[in-house]
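Structure at a glance
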Amino acid sequence: MYLPPHDPHVDDPMRFKPLFRIHLMERKCATVECMYGHKGPHNGHIQIVKKDEFSTKCNQTDHHRMSGGRQEEFRTWLREEWGRTLEDIFHEHMQELILMKFIYTSQYDNCLTYRRIYLPPSSPDDLIQPGLFKGTYGSHGLEIVMLSFHGKKAKGTKITGDPNIPAGQQTVEIDLAHPLQLPDVENLRDFSELSRIVLEVQEQVRREEQEREQRQEEEEHSQQAASQPASPPGGEGAEGEETAAGAEGTTQDKASASQPFVLPMGVISRNEDYPRTCRICFYGTGLIAGHGFTSPERTPGVFVLFDDDRFGFIWLELKSFSLYSRIKVSFQNAQAPSREAFDEMLKNIQSLAT
């Protein structure tokens with residue numbers, strides 16, 4: 001199991017923890033040992049469920065328990081997962097979230113299901129290399145997000161989740177067709193100024209979506225009314241594609257430059273060691289919800305590209321900032337065989353989450 005570094009140190013390397021091991025014997029037989037807990041290897045079981053999926057089961061769950069009971073288990077888990085003690089955490093809301101996470105994870109320590117995850121395919125037009133990133137999520141600590149590119153959109157999909165937003169959900173969506181022109185550093189410190197800029201773009205995006213839907217309805221009506229075929233290539237549609245390609249070229253040019261960056265006053269960041277220059281910013285939306293993924297909604301925000309390995313997201317409604325840093329572990333056999341296979345995997349992990 002690959003664990004993120006201790007919160008909020010996103011640039012630190014991932015941590016490694018063995019979960020099970022297999023001893024291959026003669027005559028195609030094997031013994032399985034569970035490595036979970038603190039009492040050493042013990043008897044386990046592995047079952048191949050279907051292609052790209054298997055499950056493990058511990059047959060001696062007493063090895064997972066501690067003599068001091070659940071309290072000792074919680075304190076040990078807190079030191080290992082968070083690198084701190086309960087006395088270090090003064091914020092009552094954070095204590096509550098951490099306790100919820102412990103309860104969620106510890107109740108599934110005896111039986112786990114594993115499903116293959118593909119790394120996102122890349123293209124020369126991508127803003128940066130897609131892949132896996134460690135991100136700060138306030139009191140939830142560090143979580144793993146997969147950044148992938150889909151034409152004029154970029155998506156950040158949660159690979160690990162929390163009591164509010166589970167794994168598999170699309171935590172952020174970046175609108176690459178709408179770059180943001182940030183004010184100078186002094187004006188950027190004013191949260192209301194940034195909020196005004198973002199909300200203006202949000203309104204522009206809403207109008208464009210309405211116009212697009214209206215055009216689609218008009219085209220459907222005209223096709224139903226007329227018997228002749230649709231306009232040949234080279235008409236309005238081709239011109240629109242050319243404009244989009246030109247806009248993409250402009251975006252790439254902007255991304256090669258850098259500009260000063262500072263968080264607005266009042267925006268909370270777990271990691272104050274964020275870069276003070278950025279390449280480019282885009283309008284985006286972030287997913288927020290109550291405990292248990294109740295009342296989920298997409299809210300406006302700012303995607304900030306710092307460099308090839310780091311980006312950030314300002315959650316406007318939460319007045320919060322997440323900093324993401326690339327995971328540089330080399331995973332073997334993790335490339336998707338095709339774009340279709342990767343898109344299908346994204347759909348599958350989201351359906352599991354819901």
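Residues numbered from 1 in each chain as written. Predicted model: local features only at pLDDT ≥ 70, side-chain atom pairs only at ≥ 80, totals over all residues. Heavy atoms only, no water.

Identification of the protein chain as FBX31 protein from Cnemophilus loriae is taken from an unreviewed UniProt entry. Under the UniProt heading Pathway (unreviewed entry), the entry covering the protein chain gives this text: "Protein modification; protein ubiquitination." (UniProt positions renumbered as here; feature names shortened; annotations may be inferred.)

1. Looking at the overall build of the protein chain
When helices and strands are tallied, the protein chain shows six helices and 18 strands. Over its C-alpha atoms, taken along the principal directions, the protein chain stretches across nearly 70 × 55 × 35 Å. When the 354 residues of the protein chain are sorted by exposure, 40% land in the buried category. Once local pairs closer than 6 in sequence are excluded, the contacts in the protein chain between residues at least 24 apart make up 55%. Of the accessible surface of the protein chain, which amounts to about 20200 Å², a share of 51% is contributed by carbon and sulfur atoms. A distance of 8 Å separates the average location of the 39 positive side-chain charges in the protein chain from that of its 53 negative side-chain charges. (Helix = DSSP H or I, 4+ residues; strand = E, 2+ residues; numbered from the N terminus. Buried < 20%, exposed > 50% of the residue type's maximum accessible area, 1.4 Å probe, protein only. Contact = heavy atoms within 4.5 Å. Areas by Shrake-Rupley, 256 points an atom, 1.4 Å probe, with all protein chains shown as cover. Lys, Arg positive; Asp, Glu negative; His and termini not counted. Charge placed at Lys NZ, Arg CZ, Asp CG, Glu CD.)

2. Looking at the nonpolar core
Counting residues in hydrophobic clusters, the biggest one holds 26 residues, and the most contacted among them are Leu180, Phe261, Val302, Ile314 and Phe321. At the level of secondary structure, the elements contributing two or more residues to this core comprise helix H4 (191-225), strand S15 (280-290), strand S16 (294-307) and strand S18 (320-326). At six residues, H4 tops the list of elements feeding residues into this core. Sequence-distant contacts of Ile314, that is, excluding residues within four places in its chain, are made with Leu194, Phe261, Leu263, Pro264, Val267, Pro300, Gly301, Val302, Ser320 and Phe321. The next biggest cluster of nonpolar side chains, apart from the first, holds 20 residues, and it includes Leu127, Phe282, Phe303 and Leu305. (Core = buried A, V, L, I, M, F, W, Y, C linked by side-chain atoms within 4.5 Å.)

3. Some remarks on the packing of aromatic side chains
Tallying each qualifying case throughout the model produces 19 aromatic pairs. Measuring from centroid to centroid gives 6.4 Å for Phe282 and Phe303, while their planes differ by 45 degrees, and the two rings are tilted. On the criterion of sequence distance, the pair formed by Phe282 in strand S15 and Phe303 in strand S16 is long-range, its members being 21 residues apart. The ring of Tyr137 carries Lys158 above its face, with NZ or CZ at 4.5 Å from the centroid. We note Arg276 situated over the ring of Tyr274; from NZ or CZ to the ring centre the distance is 3.8 Å. (Phe/Tyr/Trp six-rings, centres within 6.5 Å; stacked < 30°, edge-to-face > 60°. Lys NZ or Arg CZ within 6 Å of the ring centre and 35° of its normal.)

4. Here's the deal with unusual backbone geometry
Most peptide bonds take the trans configuration, and most residues that are not glycine carry a negative phi. At the junction of Asp7 and Pro8, the peptide bond is cis and its omega measures out at 0 degrees in the coordinates. Inspection of the secondary structure assignment puts Pro8 in the loop between strand S1 (2-3) and strand S2 (15-16). Positive phi, normally seen in glycine, also occurs at Ser295, with a value near 50 degrees.

5. Comments concerning the environment of Leu287
Along the chain, Leu287 turns up in strand S15. In this structure Leu287 comes out as buried when scored by relative accessible area, which is 9%. As a C-alpha pair, Leu287 and Met35 span 252 residues in sequence and 35 Å in three-dimensional space.

6. A few points about the pattern of salt bridges
As enumerated under the stated definition, the model contains 24 salt bridges in all. Between Lys50 and Glu53 there is a salt bridge, with its nearest N and O atoms 3.9 Å apart. Judged by relative accessible area, which is 53%, Lys50 ranks as exposed. Taking relative accessible area as the criterion, Glu53 reaches 12% and is therefore assigned buried. (Salt bridge = Lys/Arg side-chain N within 4 Å of Asp/Glu carboxyl O.)

7. Notes on the packing of helix H1 (residues 69-82) against helix H2 (residues 92-106)
Between H1 and H2, the shortest axis-to-axis distance is 11 Å and the interhelical angle comes to 105 degrees. For the element pair H1 / H2, the angle class is roughly perpendicular. For the pair H1 and H2, contact is made by Arg70, Glu73, Phe74, Trp77, Leu78 and Trp82 and by Met94, Ile98, Leu99, Lys101, Phe102, Thr105 and Ser106, respectively. Across the contact of H1 with H2, the residue classes break down as eight nonpolar, two polar and three charged. (Axes fitted to C-alpha atoms, helices over the stretch in contact; angles between N-to-C directions. Parallel < 35°, antiparallel > 145°, perpendicular 65-115°, else oblique. Nonpolar A, V, L, I, M, F, W, Y, C, P; charged D, E, K, R; others polar.)

8. What about the domain arrangement of the protein chain?
One frequently used descriptor of interface size is the decrease in accessible area upon assembly of the parts. With domains assigned, the protein chain is organised as domain 1 (2-115) and domain 2 (131-193 + 256-352). Domain 1 and domain 2 are separated by 27 Å when their C-alpha centres are compared. Listed by partner, the interface residues are 22 residues for domain 1 and 22 residues for domain 2. The three residues of domain 1 that bury the most area against domain 2 are Val10, Met14 and Leu97, which together make up 30% of that side's buried surface. Inspection of the domain 1/domain 2 interface yields two salt bridges. In this structure, Arg270 and Asp7 form a salt bridge, with 2.4 Å as the shortest nitrogen-oxygen distance. Taken together, the links from domain 1 to domain 2 amount to five residue pairs in polar contact (both at pLDDT 80 or more). (Domains from an automatic or database assignment. Buried area = accessible area lost by both parts, 1.4 Å probe. Polar contact = N/O pair within 3.5 Å; in protein donor to acceptor, adjacent residues only side chain to side chain.)

9. Some details on the pairing of S16
Bridge count between S15 and S16: 10 bridges; the pairing is antiparallel. The residue bridging Ile288 from the neighbouring strand is Glu297, located in S16. Here S15 folds back onto S16, and the loop between the two strands holds three residues, one of which, Gly292, carries a positive phi near 75 degrees. Note: S16 against strand S17 (residues 310-315), six bridges, orientation antiparallel. Across the sheet, the residue bridging to Val302 is Ile314, located in S17. (Pairing = 2+ DSSP bridges.)

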